[in-house]
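As a plain string of letters, each chain reads:
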Amino acid sequence: MEQETTRKTVISILTSGYKINDELSSLFKKFDLSIPQFNVLRILRGQKGKPANLSTVQEHMIHKMSNTTRLIDKLIQKGFVKETFVKITVVKSKFTSPIVVFSC
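Note that the structure is a prediction, hence the values are computed from the model and not measured. (Residues numbered from 1 in each chain as written. Predicted model: local features only at pLDDT ≥ 70, side-chain atom pairs only at ≥ 80, totals over all residues. Heavy atoms only, no water.)

## Remarks on the overall build of the protein
Argument step 1. What the protein contains, in helices and strands, is 4 helices and 3 strands.
Argument step 2. Listing each helix as α and each strand as β along the protein from the N terminus yields α-α-β-α-α-β-β.
Argument step 3. By residue count, 20% of the 104 residues in the protein fall in the buried class.
Argument step 4. Within the protein, contacts between residues at least 6 apart in sequence are counted, and of these 40% link residues at least 24 apart. (Helix = DSSP H or I, 4+ residues; strand = E, 2+ residues; numbered from the N terminus. Buried < 20%, exposed > 50% of the residue type's maximum accessible area, 1.4 Å probe, protein only. Contact = heavy atoms within 4.5 Å.)

This is the structure:
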């Protein structure tokens, strides 16, 4: 009996999750966005105006398997995200390296 209740509960949670996912997909489609793209925008907005590098965005992604680089490239193409190149100098080794940061 307990296993049957657990099974029904799991199925109910999964069904609800898929319904919510479908509703969100339909909503974001109006703005030409996917759920993972919205997640990137949510992360960048949480930076409160501070730029974020790729590893920061990846670290905060809800779905860790998302191709973050591709998502950000798409958001740049759509004009939702701007890409900024920052030159970083490490004083001890006199090594200079450009990094890419992203912001909304």
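Moving on, there is more to tell.
## Some details on the packing of helix H2 (residues 35-46) against helix H4 (residues 68-77)
Argument step 1. Where H2 meets H4, the closest approach of the two axes is 10 Å, and the angle between their N-to-C directions is 80°. The angle between the axes of H2 and H4 places the two elements in the roughly perpendicular class. Mapping the contact onto sequence places Pro 36, Gln 37, Val 40 and Leu 41 in H2 and Leu 71, Ile 72, Lys 74 and Leu 75 in H4.
Argument step 2. Its residues placed into classes, the contact of H2 with H4 shows 6 nonpolar, 1 polar and 1 charged. (Axes fitted to C-alpha atoms, helices over the stretch in contact; angles between N-to-C directions. Parallel < 35°, antiparallel > 145°, perpendicular 65-115°, else oblique. Nonpolar A, V, L, I, M, F, W, Y, C, P; charged D, E, K, R; others polar.)

## Digging into a nonpolar patch on the surface
Argument step 1. Taken together, the side chains of Ile 20, Leu 24, Leu 27 and Phe 31 present a nonpolar region at the surface, about 370 Å² in accessible area.
Argument step 2. Within the fold, Ile 20 resides in helix H1 (residues 2-29). (Patch = residues over 30% accessible without salt bridge, like charges linked within 9 Å, V, L, I, M, F, W, Y side chains within 5 Å. Areas by Shrake-Rupley, 256 points an atom, 1.4 Å probe, with all protein chains shown as cover. Salt bridge = Lys/Arg side-chain N within 4 Å of Asp/Glu carboxyl O.)

## Some words on the pattern of salt bridges
Argument step 1. One pass over the structure, following the stated rule, counts 2 salt bridges.
Argument step 2. Between Arg 7 and Glu 4 there is a salt bridge whose closest N-O contact spans 2.8 Å. Here the residue Arg 7 and the residue Glu 4 both occupy positions in helix H1, the gap between them amounting to 3 residues, near one helical turn.
Argument step 3. A salt bridge links Asp 32 to Lys 78; the nearest nitrogen and oxygen atoms lie 3.7 Å apart. Here the residue Asp 32 occupies a position in the loop between H1 and H2, and Lys 78 occupies one in the loop between H4 and strand S2 (82-90), the gap between them amounting to 46 residues.

## Things to note about H2
Argument step 1. Compared with the 16 Å implied by 1.5 Å per residue over 12 residues, the 16 Å span of H2 between its first and last C-alpha is a close match.
Argument step 2. All of the buried residues along H2 are Gln 37, Asn 39, Val 40, Leu 41, Ile 43 and Leu 44.
Argument step 3. Where H2 terminates, the next one or two residues include Lys 48, which has phi positive at roughly 55°. (Expected span 1.5 Å × (residues − 1).)

## Overview of the nonpolar core
Argument step 1. The biggest cluster of nonpolar side chains holds 13 residues, and the ones touching the most others in it are Val 40, Leu 44, Val 57, Met 61, Leu 75 and Val 81.
Argument step 2. Contributing elements (two or more residues each) for this core: H2 and H4.
Argument step 3. Among the elements that make up this core, the one with the highest residue count is H2 (4 residues).
Argument step 4. Setting aside residues up to four positions removed in sequence, Val 40 forms contacts with Val 57, Met 61, Leu 71, Ile 72 and Leu 75. (Core = buried A, V, L, I, M, F, W, Y, C linked by side-chain atoms within 4.5 Å.)

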